[in-house]
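# Structural overview
Given next are the chains, with one letter for each unit.
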Amino acid sequence: MEGFEEKRRRAVEELKAQGVIRSRKVEEAMLKVPRERFVPERLREQAYLDTPLPIGWGQTVSALHMVALMCELLELEEGQKILEVGAGCGYHAAVIAEIVAPKGSEKPGHVYTIEIVGGLVEMARRNLEATSYAGRVTVIQGDGSLGYPEEAPYDRILVTAAAPGIPPPLAQQLKPGGILVIPVGDPYTYQVLRVARKRADGSLSWEDLLSVAFVPLRGAYGYRV
Ligand code: SAM
């Protein structure tokens, strides 16, 4: 039977062939992070299907292509400080950490990831600890639609749940020149994946790229679900 490493390698090859993975750094990060150790044990064999998988509490880990695409759109670099809203099982944060804070880096960045569901905060922490990402990723429990002002400003911000719009605190907590990626739109059908950049004067410009389907963002600037 094919092992996880081989399945991971084939999944990454497929994403490259589809043009989703375009950079060497996203390719290498996706090759390193063991998704099978982030999903619930009963779903391990399905870890490299390119589809969202249930992680409990009615939530999902995003499909492989969505993790790769968001990483590409964020234009991640070693040394950056990142805010993720929606830690889920911690997988996406680990992929980002591989790029911004690779092992042995002389100028390591850091990933702050906020999760509103207490059970998932524990799951993400456990998974990141078990896979040696805990020192590069901090999991915070709270409403990520308010951002995490304690560590602001951020080079990059990603939201992994569908929002009615760009939450003003996230726009504020982004550095000038920074990039924010967020699905915006109806949480029960489809959203657009919005890529916003902060100009030097503090205003945002953005582009809506493609249609996506995410679970709803809750909290102050999310949906009441
Ligand atoms: N990035 C995650 C991963 O790698 O597993 C997948 C995230 S899942 C698609 C979206 C997550 O956003 C869910 O875990 C959900 O509980 C969380 N969420 C929803 N609203 C939130 C909020 N206001 N603050 C923080 N997390 C929120």
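Before reading on, note that the structure itself is shown above.
Structure report, in brief. All values reported here derive from a predicted model rather than from experimental measurement.

For the coordinates displayed, the defined rule picks out 3 aromatic pairs. A centroid spacing of 5.8 Å and a plane angle of 70 degrees characterise the contact between phenylalanine 38 and tyrosine 91, whose relative ring orientation is edge-to-face. Placement of the pair is phenylalanine 38 in the loop between helix H2 (24-32) and strand E1 (53-56) and tyrosine 91 in helix H4 (residues 91-100), with a sequence separation of 53 residues. Across this residue pair, the class does not change: phenylalanine 38 and tyrosine 91 are buried. Among the aromatic residues, ring-to-ring pairing joins Tyr112, Tyr148 and Tyr154 into one connected group.

This structure, assessed with the given rule, holds 12 salt bridges. Arginine 8 is the salt-bridge partner of glutamate 36, the closest N and O atoms lying 3.1 Å from each other. With glutamate 36 in the loop between H2 and E1 and arginine 8 in helix H1 (residues 4-17), the pair connects residues that are 28 residues apart, well separated along the chain. Judged on exposure class, the residue glutamate 36 and its partner arginine 8 are both buried. Among the salt bridges present, the one from glutamate 27 reaches lysine 16, with a minimum N-O distance of 3.1 Å. Pair noted here: glutamate 27 is in helix H2 and lysine 16 is in helix H1, with a separation of 11 residues, a long-range link. Note on glutamate 27: relative accessible area 8%, which makes it buried. Classification of lysine 16 as partly exposed rests on a relative accessible area of 33%. Connected through salt bridges with shared partners, the residues Glu13, Lys16, Arg24, Glu27 and Glu28 form a single ionic network.

About the criteria used
Residues numbered from 1 in each chain as written. Predicted model: local features only at pLDDT ≥ 70, side-chain atom pairs only at ≥ 80, totals over all residues. Heavy atoms only, no water. Phe/Tyr/Trp six-rings, centres within 6.5 Å; stacked < 30°, edge-to-face > 60°. Helix = DSSP H or I, 4+ residues; strand = E, 2+ residues; numbered from the N terminus. Buried < 20%, exposed > 50% of the residue type's maximum accessible area, 1.4 Å probe, protein only. Salt bridge = Lys/Arg side-chain N within 4 Å of Asp/Glu carboxyl O.

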